[in-house]
Amino acid sequence: MPVNKNICDKCGEVLEIDFRAFRITCPGCIKRRKRNESYIKLVRVISFFCFPIGFLIYFIWKDTNPKLAKQALIFAAISISFIIFMQYLLTNY
């Protein structure tokens, strides 16, 4: 029997999905489900390899999804410091 992922496991109500903030909530039991780990990994990879998008993600999501926005900002900052470090190594050695 297939499982319907749009129905709450506890109360059977239809789940509300907020794609912008990556949140799934149940209006019946006010249960917030964990966001999918693949979204967090995707945001980290995008922020590291394309740091302007990481900063953009931070400013878009800082109010609606602060934890994911902080991850994007951290990985964008790591990316910039890695680029500066590599530039220093390549020009001086």
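In the block above lies the structure referred to throughout.
Thresholds, definitions, all that
Residues numbered from 1 in each chain as written. Predicted model: local features only at pLDDT ≥ 70, side-chain atom pairs only at ≥ 80, totals over all residues. Heavy atoms only, no water. Axes fitted to C-alpha atoms, helices over the stretch in contact; angles between N-to-C directions. Helix = DSSP H or I, 4+ residues; strand = E, 2+ residues; numbered from the N terminus. Parallel < 35°, antiparallel > 145°, perpendicular 65-115°, else oblique. Left-handed = near helix turned anticlockwise from the far one by under 90°. Contact = heavy atoms within 4.5 Å. Buried < 20%, exposed > 50% of the residue type's maximum accessible area, 1.4 Å probe, protein only. Arc of directions from axis to C-beta. Phe/Tyr/Trp six-rings, centres within 6.5 Å; stacked < 30°, edge-to-face > 60°. Core = buried A, V, L, I, M, F, W, Y, C linked by side-chain atoms within 4.5 Å. Patch = residues over 30% accessible without salt bridge, like charges linked within 9 Å, V, L, I, M, F, W, Y side chains within 5 Å. Areas by Shrake-Rupley, 256 points an atom, 1.4 Å probe, with all protein chains shown as cover. Salt bridge = Lys/Arg side-chain N within 4 Å of Asp/Glu carboxyl O.

Looking now at the packing of helix 2 (residues 51–61) against helix 3 (residues 66–92). Following both chains from N to C, one finds helix 2 and helix 3 inclined at 155°, their axes separated by 8 Å at the closest point. In terms of their interaxial angle, helix 2 and helix 3 are classed as roughly antiparallel. The hand of the helix 2/helix 3 crossing is left-handed. In contact with Phe51, Gly54, Phe55, Ile57, Tyr58 and Trp61 of helix 2, helix 3 contributes Pro66, Leu68, Ala69, Lys70, Ala72, Leu73, Ala76, Ser79, Ile80 and Ile83.

Take helix 2 next. Along helix 2, the residues that are buried comprise Gly54, Ile57 and Trp61. For helix 2, the angular spread of buried residues about the axis comes to 60°, placing them on one side.

The next subject is the packing of aromatic side chains. For the coordinates displayed, the defined rule picks out 4 aromatic pairs. Both rings, one in Phe48 and one in Phe82, keep their centres 6.1 Å apart while their planes meet at 45°; by these two values the pair is tilted. Here Phe82 lies in helix 3 and Phe48 lies in helix 1 (residues 37–49), a separation of 34 residues in the sequence. Residue classification places Phe48 among the partly exposed residues on the basis of a relative accessible area of 23%. With 5.1 Å between their ring centres and 70° between their planes, Tyr58 and Phe59 make a pair best called edge-to-face. Residue Tyr58 is classed as partly exposed on the basis of its relative accessible area of 23%. Each residue in the set Phe48, Phe49 and Phe82 is aromatic and connected to the rest through ring pairs, giving one cluster.

Now for the nonpolar core. Core analysis: the biggest nonpolar cluster contains 7 residues, these being Ile40, Val43, Ile57, Trp61, Leu68, Ala69 and Ala72. Ranked by residue count, the leading element in this core is helix 3, at 3 residues. Each residue touching Ile57, except ones within four places of it in the same chain, is listed here: Val43, Ser47, Ala69 and Ala72.

Before going further, it helps to examine the side chain of Ser79. Assignment of secondary structure puts Ser79 in helix 3. Here Ser79 falls in the buried class, since its relative accessible area comes to 4%. The contacts of Ser79, once residues within four sequence positions are left out, are Ser47, Phe48 and Phe51.

Now for a nonpolar patch on the surface. Together, Phe82, Ile83, Phe85, Met86 and Leu90 line one region of the surface with nonpolar side chains, adding up to about 500 Å² of accessible area. Within the secondary structure, Met86 is located in helix 3. You can call Met86 partly exposed: its relative accessible area is 31%.

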